[in-house]
Amino acid sequence: MREIAFEIWQNAPVWVWPLFFFLLFIGLKAMRTRNSSIIPYFFYPLLGLAAANANSGLAQVSTGWLVFAFSYLLGAAVAFRWQDGLILEKSGWNMTLQGDRITIVILMLIFFSNFINGVLGAIAPHFIEATAYTVIFNAVIGACSGSFTGRTLRVITLGKRSTTAA
């Protein structure tokens, strides 16, 4: 077992580990109440859609895209409502956000889903050809990706908010 873990660690692309630590940093930062510009939120949907690329390597591509699209919309709707509760104040291009743990969970789900998909594609390609795998993988990736779009839409559509009015 130790040899397999060492092989996975050793054969992972070199960019994987800096990406992991960057996402971990972003997730840990999101756990604090903080002031933020709304500008980064315009790029959140791109972060989520980057995860969708892994679907093209699966055998059940049409099923995968259908599940991804449904999960994406569901994730966007849930995150739209959830993000509203995190925005403590908003004025112009700035806002104050309550810290949350869900952001790090979403980022790690996307990272590890894609990482596991890559590992399974290398060591057990027959496993990722199964319809059940395609459905589960795309449901997770779709919902997590959609959550970034839902959060962005809520930040953009929310008018001015102050702590005295909330």
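The rules behind each value
Residues numbered from 1 in each chain as written. Predicted model: local features only at pLDDT ≥ 70, side-chain atom pairs only at ≥ 80, totals over all residues. Heavy atoms only, no water. Helix = DSSP H or I, 4+ residues; strand = E, 2+ residues; numbered from the N terminus. Buried < 20%, exposed > 50% of the residue type's maximum accessible area, 1.4 Å probe, protein only. Contact = heavy atoms within 4.5 Å. 1 Å grid on protein atoms, 1.4 Å probe; cavity = no way out; pocket = protein on both sides within 12 Å on 5 of 7 lines; lining within 4 Å. Points joined across faces, edges and corners; volume = space filled by probe spheres on them. Nonpolar A, V, L, I, M, F, W, Y, C, P; charged D, E, K, R; others polar. Pairing = 2+ DSSP bridges. Axes fitted to C-alpha atoms, helices over the stretch in contact; angles between N-to-C directions. Expected span 1.5 Å × (residues − 1). Arc of directions from axis to C-beta.

A. The arrangement of the overall build of the protein in detail. Looking only at helices and strands, the protein has six helices and three strands in total. In the protein, the order of α-helices and β-strands from amino to carboxyl end is α-α-β-α-α-β-β-α-α. C-alpha atoms of the protein, sized along the principal axes, occupy 55 × 35 × 20 Å. Expressed as a percentage of its 166 residues, the buried residues of the protein come to 40%. Taking all contacts inside the protein whose residues are at least 6 apart in sequence as the whole, residues at least 24 apart take part in 82%.

B. The arrangement of the layout of surface pockets in detail. Space inside the largest pocket adds up to approximately 650 Å³. Lining the largest pocket we find 25 residues, and of these W15, V16, F111, N114 and F115 sit closest to its centre. Put simply, the parts of the chain that give the lining of the largest pocket at least two residues each are α1 (2-11), α2 (16-29), α3 (44-50) and α5 (102-123). In terms of residues, the lining of the largest pocket owes the most to one element, α5, which gives nine residues. Considering only residue class, the lining of the largest pocket consists of 20 nonpolar, four polar and one charged. The wall of the second largest pocket is formed by 19 residues, among which I26, K29, R34, P40 and Y44 lie closest to the centre.

C. Summary view of the sheet that holds strand β3 (residues 94-97). Read across the sheet, three strands follow the order β1-β3-β2 without closing on themselves; strand pairing throughout is antiparallel. Single-partner strands in this sheet number two, and they are β1 (34-37) and β2 (87-91). This sheet shows a mean twist of 20° between the axes of neighbouring strands, independent of strand direction. In the sheet, β1 pairs with β3 via four bridges, with the strands oriented antiparallel. For S37, the partnering residue across the bridge sits in β3 and is N94. Along the sheet, helix α4 (residues 61-86) makes contact with β2 and β3, crossing β2 at roughly 80°.

D. Representation of α2 within the structure. Taking 1.5 Å as the rise per residue, α2 with 14 residues should run 20 Å; its terminal C-alpha atoms sit 20 Å apart, in good agreement. Those residues of α2 not exposed but buried are V16, W17, F20, L23 and G27. Down the axis, α2 shows its buried residues gathered within 125° of arc, on one side only. Counted as exposed and oriented over 90 degrees from the buried face of α2: P18 and F21. On its buried side, α2 packs onto α1 and α5.

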